[in-house]
Every structure is written in C-alpha cells, then in structure tokens.
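Examining the three-dimensional arrangement
In case you want the letters, here they are:
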Amino acid sequence: MAVRESYKTTGFVLRTLSYGESDLIVTFYSHDFGKLKGIAKGAKRSKKRFANVFEPFSLTNIIFTRKSRDMLAFIESCDIIDHYHAIRQDMEKTLIASYFIDLTDHFSPEGKKNEKVFQLLRDFLLMLGKEKASDATVRFFEMRLLKLTGFEPALEHCIVCKTPVTNGNSYYFHAGEGGIKCSACAQPQRYEQPISAGTVRTLLLGKDMDIEKIKLIALTDSLAAESRSILIGFIAHVLGREVKSLKVMEQVRKLCT
Amino acid sequence: MKAYAQPIKKLISELGKLPGIGEKTAARLANYILRSTEDDVKKLAESIIEVKSKIKLCRICLNLTEEETCHICHDTTRDQEVICVVEDPDALAAIEESGGFRGTYHVLHGVLAPLDGIGPDNLRLGELVRRINEGHVKEIIIATNTNVQGETTALLLTRMFKEKNIKLTRIAMGMPMGGDLKYIDKMTISKSLEFRRGM
Ligand SMILES: [Zn+2]
Ligand SMILES: [Zn+2]
C-alpha cells in the first residue's frame, strides 16, 4: 500500500462543495501547490475540528496527506491565519474579494504552483481590507492576474501595424485577437465602441505599478467604464463563460445605487 | 449497487439525490422501505406527493403553508410590527421552536452566494420591501446565518433599508451557551468581544 505523505502549506479558501452526509471538498489556492483540492472529513458536522475555517477568501494553515499528486488531499487540520475581518464587514469589499478568488479559481489549473498568484491574492486582499474599494483595484487585479497566468492582452501597440499607443488616438479592442487595433487597422463597424489612449495607458500602468500607489488612483467614470468593458469582455472570451460572482456584483450595484 | 435488482437501484438513486444522503444511507433507507408493510409505504409515497401539491408560500412572509397566509401571519397576538428575516423555512422553524419570539417573519428562500451566482435577483426581497413600504413595520431583525454569505446578505438588507424609518437589528454572535473559552475558535471569541454587553 502506498504511504500517505504529510504536507504543510498556507492557502486561501476558494470554494467549498458539500460531499456526502458530513464532508466538504475544499478548493484552496496554496502557496506551495497552487490550486489544491482536499476533503475535510466531518467538516459539516463537527464544529470543533474545522470551526469557521472554510469561509471564502480566508487565509489558512493547512496540513494534509495524500497518496499521490493526482489524488484528492486529505485535510488533517486547517487553522485560520486571517479571515479578513475588515473585508467581511463591508458588502462591497466582500463581493470584490469573492470576485478575486472566483477569477483565481478560473485561471488556475490544479496542482500548478505559482507563488506570484498567491502573492497577488495576498497583496490585494490586504489592500482591500485597508483602503476604500475602487474600480481601479478590481481592474488592476484583473490585469495582473491575466499577466501572471499568461493571458495578458496586447495593449502596448496596435496588433496589426505595431504602432505604439499615441495620446489622443482612438483604439478598438479585439478580444478574439487578444489586443487593440488603431482606428486605421480596425475598420470599425458602427456599433463598435472606441477606447481612448488614456484607458489603454491606465491599464498598462496598473499592471505593473507599485501596489502601495494603487490606492491613489481614482478612475473617471469614462475610464472606469472603458477599462471595465475591455477586461470583462476579454476575460469572458478567454474563459468561454461568464464569471458568476461578477454577475452578482452587478446585481447588487444596480440595487444599491 | 450492482448487486441490487433494477427497481431497488432506481429507489436508491432517487433517495441519494436528497441532501445529506450518501449512497450507503440511501441503500439502508431503500431496504427499510422494502421491508415495510404495503400500507406504510403507501402513506409515505402519498405524503411526498401531498406535500408537493398542497404546500405553497404564505402571501405575506413566504413561509410554507397550506393556506393563503401561514398560521403565524394569521395569529393576531403576534407583533406584526417586528419582522425577523431568515434564510429559509428551517431557520424559521428553529426560531419558532425556541418559543422566544412573538413577532412575524420574512423568508428570503436563499442567501447571497456570489461564487454560486446567487445574487439579490435570486432572493425573495420584493415581498419584504412591500411590507416595509406599507409603513407598519417598526423593526427588522436580521437573522441570517453568521457565515460570510449570511453576513453579506445582512449587509445588503441594511443597505436597502437604512433610509427607511425603521430599527434594523442583527442577531447576536459569539459564545454558545455553556461554551468553554478554551475550546472556542478565534473568530467566535473575537465576535464575542465585539458584541459584549453591559451588566
Ligand atoms: Zn494599426
Ligand atoms: Zn406568513
């Protein structure tokens, strides 16, 4: 019989799925193993062993065993490091944090370690807890996650004629081709919405700028709307599906404004 | 499950669809049904069908009922000015059984669950808004669960009704009765301190 090896890591809870009468299958984004799925025996019943640990976006210490890499991990213990109290007390922030982990889940294959993605979640959840929730925070998270997972859209220059983005010009985003075209190359249809060079520059800036500076950025309504439409459209195109938590965020926004 | 005859397999698979029922329990239930008298089995089957055809939602609070309005909304001794908002009929039943509440309810039939795509459009909010707009409500007690989903839902309700001239309260969170601090998780302890009360 294969020996179960024991491992230790830290990870964010991405989602839980009820399994049978008393167990939960928990998906984490872990520091050492990337996306990790494990079974927590008795987690639905015993409030002692796993009390309040499997809540979305909580950061936890996990000890697990498994027979082989492709098998479900058996969660031996799981303790809270941070349950992001400040985020959980704010509806908008909770919805944004939920969106962050939803996206991370969609863009991460199981078992592929990516420390930078882990750090991205850690940095952005920390910032979300401390600073005001803003559109810039959400868009810059999307840009960075796309970049780290190899789906960065080409925004530096027109994907056809390679002319760098120039102030004052209009551009068109082509999700299918993964980048922007200048108005000469795009041959836009009447229904297509142009995006400004300013929006393109903002997204490029947000992709790499120092995390501490993000809180200083406030997008104007038009910048926010344009960058949103580019990134949301692109993400939906890459994933081939809608992101559920985004839909919920929209519904709440509509109801509460 | 291979060893079972087809009709038993079918029953096991139907029972296995029920929440909290795994294959082993489903097989045990199926065997129990098989051993029961014809009469008992008929009663069980009829009650399943009856529940589906007779039970509807109370016009006022959305509790499960056989009538247009449930027995709680019907009861004139209950305080109609206080509404306790719960996630589902089970939560309502739990509070009712405690016997400590004399107001009325509103059942949301769900809770915000962003990761499952359940947003405000999927909750039964309209009936509550209507009752509040009628102007006879003085207090809303938000009794959703204390996990992230329940808390987010509580924040949503607070946001929706904070401009109305009503008292909004949230059920207390913290130490369970008879609890021992040594064995209580961090989160519960920090909530207990946050929601401490004067003596
Ligand atoms: Zn071009
Ligand atoms: Zn009723």
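Quick caveat: nothing in here was measured; it's all calculated off a predicted structure.

Topic: the overall build of chain B
In terms of regular secondary structure, chain B is built from eight helices and six strands. If you list the helices and strands of chain B from N to C, you get α-α-α-β-β-α-β-α-β-α-β-α-β-α. Seen through its C-alpha atoms, chain B measures out along the principal axes to roughly 60 × 50 × 35 Å. Sorting the 199 residues of chain B into buried and exposed places 38% on the buried side. Contacts in chain B between residues at least 24 apart in sequence constitute 46% of all its contacts with a sequence separation of at least 6. Accessible surface, chain B as shown: approximately 12,600 Å² in total, 55% of it carbon and sulfur. Looking at chain B, you have 29 positive and 28 negative side-chain charges, and the mean spots of the two groups are 4 Å apart.

Considering the coordination of the zinc ion (ligand 2)
Residue and element names in this part refer to chain B. Protein coordination at the zinc ion (ligand 2) comes from Cys58 (SG), Cys61 (SG), Cys70 (SG) and Cys73 (SG), with a distance range of 2.2 to 2.3 Å. If you look at the zinc ion (ligand 2), its four donor atoms make angles of 103 to 117° with each other, and the shape they trace is tetrahedral. Ordering the donors of the zinc ion (ligand 2) by residue number gives the pattern C-x2-C-x8-C-x2-C. Comparing cysteine 58 with cysteine 61 shows no difference in burial state: the two are buried.

A look at the packing of aromatic side chains
Residues and elements named next belong to chain A. Throughout the structure, instances matching the rule amount to 12 aromatic pairs over all chains. Look at phenylalanine 100 and phenylalanine 141: their rings are 4.0 Å apart centre to centre, the planes differ by 20°, and that puts the pair in the stacked class. Placement of the pair is phenylalanine 100 in helix H2 (residues 91-107) and phenylalanine 141 in helix H4 (residues 135-148), with a sequence separation of 41 residues. We note that phenylalanine 100, like phenylalanine 141, is buried. Through a chain of ring-to-ring contacts, three or more aromatic side chains come together here, namely Tyr7, Phe33 and Phe64.

Observations concerning a nonpolar patch on the surface
Side chains of Val51, Ile55, Leu57 and Leu64 of chain B sit close together on the surface and give an oily, nonpolar patch of about 310 Å² of accessible area. Looking at where leucine 57 of chain B falls in the secondary structure, it is placed in strand S1 (residues 56-57).

Examining the coordination of the zinc ion (ligand 1)
Residues and elements named next belong to chain A. Around the zinc ion (ligand 1), the protein contributes the donor atoms Cys158 (SG), Cys161 (SG), Cys182 (SG) and Cys185 (SG), at 2.3 Å from the metal centre. Around the zinc ion (ligand 1) sit four donor atoms; with metal-centred angles ranging over 101 to 117°, the donor geometry is tetrahedral. Sequence spacing among the residues donating to the zinc ion (ligand 1) works out to C-x2-C-x20-C-x2-C.

Here's the deal with helix H3 (residues 115-130) of chain A
Residue and element names in this part refer to chain A. A rise of 1.5 Å per residue sets the reference length of H3, with its 16 residues, at 22 Å; its end C-alpha atoms lie 23 Å apart and thus fit the reference within 8%. Taken as a whole, H3 has its buried residues at Val117, Phe118, Leu120, Leu121, Phe124, Leu125, Met127, Leu128 and Gly129. Where H3 is buried, its residues meet strand S1 (5-19), strand S2 (23-30), strand S4 (59-66), helix H1 (85-88), H2 and H4.

What about the sheet that holds strand S3 (residues 79-86) of chain B?
Residues and elements named next belong to chain B. Strands sit in the order S4-S3-S5-S6 across an open sheet of four strands; the sheet is parallel. Each edge of the open sheet carries a strand with a single partner, namely strand S4 (103-107) and strand S6 (167-170). Between one strand and the next, the sheet's axes are offset by a mean angle of 25°, whatever the strand orientation. As paired elements, S3 and strand S5 (residues 139-142) share four bridges and run parallel to each other. In the strand pairing of S5, valine 82 is matched with glutamate 139. Lying over the sheet, helix H5 (residues 89-98) contacts S3 and S4, oriented at roughly 160° with respect to S4.

Details of the domain arrangement of chain A
All names here are of chain A. For chain A, the domain assignment lists domain 1 (5-82) and domain 2 (91-256). Using only C-alpha atoms to locate each centre, domain 1 and domain 2 end up separated by 30 Å. On the domain 2 side, the residues contacting the 19 residues of domain 1 number 20 residues. Together, the buried faces of domain 1 and domain 2 total about 1,700 Å²; carbon and sulfur atoms form 63% of this surface.

Looking at the pattern of salt bridges
All names here are of chain A. Counted by the stated rule, this structure contains 26 salt bridges over all chains. Ionic pairing is found between lysine 35 and aspartate 105, a salt bridge with its closest N-O pair at 2.7 Å. With lysine 35 in strand S3 (residues 34-40) and aspartate 105 in helix H2, this residue pair connects regions lying 70 residues apart in the sequence. Here lysine 35 matches aspartate 105 in class, with each residue buried. What you see here is one network of salt bridges that share partners, running through Lys147, Glu152, Glu156, Lys207 and Asp208.

A closer look at the environment of lysine 17 of chain B
Mapping lysine 17 of chain B onto the fold places it in the loop between helix H1 (6-15) and helix H2 (23-35). In sequence terms lysine 17 of chain B and serine 192 of chain B are 175 residues apart; their C-alpha atoms lie 38 Å from each other.

Criteria and cut-off values
Residues numbered from 1 in each chain as written. Chains lettered and ligands numbered in written order. Predicted model: local features only at pLDDT ≥ 70, side-chain atom pairs only at ≥ 80, totals over all residues. Heavy atoms only, no water. Helix = DSSP H or I, 4+ residues; strand = E, 2+ residues; numbered from the N terminus. Buried < 20%, exposed > 50% of the residue type's maximum accessible area, 1.4 Å probe, protein only. Contact = heavy atoms within 4.5 Å. Areas by Shrake-Rupley, 256 points an atom, 1.4 Å probe, with all protein chains shown as cover. Lys, Arg positive; Asp, Glu negative; His and termini not counted. Charge placed at Lys NZ, Arg CZ, Asp CG, Glu CD. Donors = N, O, S within 2.8 Å, 3.2 Å for Na, K, Ca; no water. Tetrahedral: all angles 85-135°; square planar, octahedral: opposite > 155°, others 65-115°. Phe/Tyr/Trp six-rings, centres within 6.5 Å; stacked < 30°, edge-to-face > 60°. Patch = residues over 30% accessible without salt bridge, like charges linked within 9 Å, V, L, I, M, F, W, Y side chains within 5 Å. Salt bridge = Lys/Arg side-chain N within 4 Å of Asp/Glu carboxyl O. Expected span 1.5 Å × (residues − 1). Pairing = 2+ DSSP bridges. Axes fitted to C-alpha atoms, helices over the stretch in contact; angles between N-to-C directions. Domains from an automatic or database assignment. Buried area = accessible area lost by both parts, 1.4 Å probe.

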